[in-house]
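# Residue-level structure breakdown
Below, each chain spelled out in residue letters.
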Amino acid sequence: MSNDCFEIYVARHGQSYGNLRRRQGIDSSVLAIPEREDPALTDAGKQQAHLLGELLKNIKFDAIYSSPLLRAAGTAYEVLLSQQEKSDIDTIYLLDELIEVNVLEGYLGRGLDFLKEQFPKANFVHEQSPEHPVPRKGEGDDMRVSVHRAKCAIDFIRSKYTYGKKVFIATHGTYLTSFMYAALGISPETSRFRFGCENSSFNRIMYYTDGKILLEAANDISHLRLWGDDLIPQARSLFIQNE
């Protein structure tokens, strides 16, 4: 283990029923709030998340973090199960700051008891950064707001772990562009880059003691390549798209 860098592996959740409904052109507005705002993983999404866990199981994570929404927590859970083959890690830390952009204001998921019932081999612990910014109405219209939220999440996580540690984070597609801006120090006011992030793809970010930051992997879906079209996302981008 290198002690001169701190590593974040940040992934988008596997395919959810929300993703599937949009792909099929189904209107979600008529659904109840939990099903609309907090859809579960589809069977394909669970398999995507499982394969991600298998790909990363030889990397010893010191902590696993997730958005409190069901689709992200389910993805983190599959990574946790793969980690448990070789370590005694049992906790998924839930951070409100990792929730998707444009979620209904005030909605922070279905709660710890529900997640513990769905994912019985995980110990869920709720944490929050000191500032604790949460999604609010209109956030999607000003990326500076979601980038600030992501920076609070990253600063909080980095404050808890020393160089030489590795952390896995499960979060969401739209939010991931804001997260990557914050992680790499990119200003949303001066850059037009958008980071492609397919279902269950991951990014690896390395922070060095000399202040350098390395994006080692971006939108990596190599774990899906050998498993057929049903698991490979409909790609928008394989790396970074410049709109």
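Data block above holds the structure.
Residues numbered from 1 in each chain as written. Predicted model: local features only at pLDDT ≥ 70, side-chain atom pairs only at ≥ 80, totals over all residues. Heavy atoms only, no water.

In this section: unusual backbone geometry. Within the chain, Asn-102 stands out as a residue other than glycine whose phi angle is a positive 70°. With respect to the helices and strands, Asn-102 occurs in the loop between strand 3 (91–95) and helix 5 (112–118). A relative accessible area of 52% places Asn-102 in the exposed class. If you check the backbone angles, Asn-219 has positive phi at about 50° while not being a glycine. Inspection of the secondary structure assignment puts Asn-219 in strand 8 (residues 213–220). On the basis of relative accessibility, which here comes to 3%, the residue Asn-219 falls in the buried class. (Helix = DSSP H or I, 4+ residues; strand = E, 2+ residues; numbered from the N terminus. Buried < 20%, exposed > 50% of the residue type's maximum accessible area, 1.4 Å probe, protein only.)

Turning to the packing of aromatic side chains, a few remarks are in order. In this structure the tally under the stated criterion is 10 aromatic pairs. Each ring, one from Tyr-9 and one from Phe-61, has its centre 5.2 Å from the other, and the planes form 80°; the classification is edge-to-face. Linking Tyr-9 in strand 1 (residues 5–12) with Phe-61 in the loop between helix 3 (43–56) and strand 2 (63–66), this pair joins segments that are 52 residues apart in sequence. When its relative accessible area of 3% is taken as the criterion, Tyr-9 is described as buried. We classify Phe-61 as buried; its relative accessible area is 2%. For the pair Tyr-65 and Tyr-161, a centre-to-centre distance of 6.4 Å together with 85° between the ring planes defines the contact as edge-to-face. Highlighted residues: Tyr-65 in strand 2 and Tyr-161 in the loop between helix 6 (143–160) and strand 5 (166–171), separated in sequence by 96 residues. Accessibility classification places Tyr-65 together with Tyr-161 in one group, the buried group. Clustering of aromatic rings is evident, with ring pairs tying together Tyr-9, Phe-61, Phe-168 and Phe-202. Arg-158 extends its terminal NZ or CZ atom over the ring of Tyr-207, reaching a point 4.0 Å from the ring centre. (Phe/Tyr/Trp six-rings, centres within 6.5 Å; stacked < 30°, edge-to-face > 60°. Lys NZ or Arg CZ within 6 Å of the ring centre and 35° of its normal.)

Considering the arrangement of structural elements, one finds Lys-86 in the loop between helix 4 (70–83) and strand 3. With 29 residues separating them along the chain, Lys-86 and Lys-57 place their C-alpha atoms 8.0 Å apart. Excluding residues that lie within four positions of it along the chain, Lys-86 makes contacts with Lys-57 and Asn-58. (Contact = heavy atoms within 4.5 Å.)

With respect to the helices and strands, Pro-133 occurs in the loop between strand 4 (123–127) and helix 6. Exposure remark for Pro-133: the relative accessible area of 16% places this residue in the buried category. Setting aside residues up to four positions removed in sequence, Pro-133 forms contacts with Glu-97, Arg-149 and Cys-152.

To continue, consider the pairing of strand 4. By the bridge criterion, five bridges tie strand 3 to strand 4 in an arrangement that is parallel. Within strand 4, the residue paired with Leu-94 across the bridge is His-126. With helix 5 bridging strand 3 and the parallel strand 4, this β-α-β connection has right-handed handedness. (Pairing = 2+ DSSP bridges. Right-handed = clockwise from strand over helix to strand, strands pointing away.)

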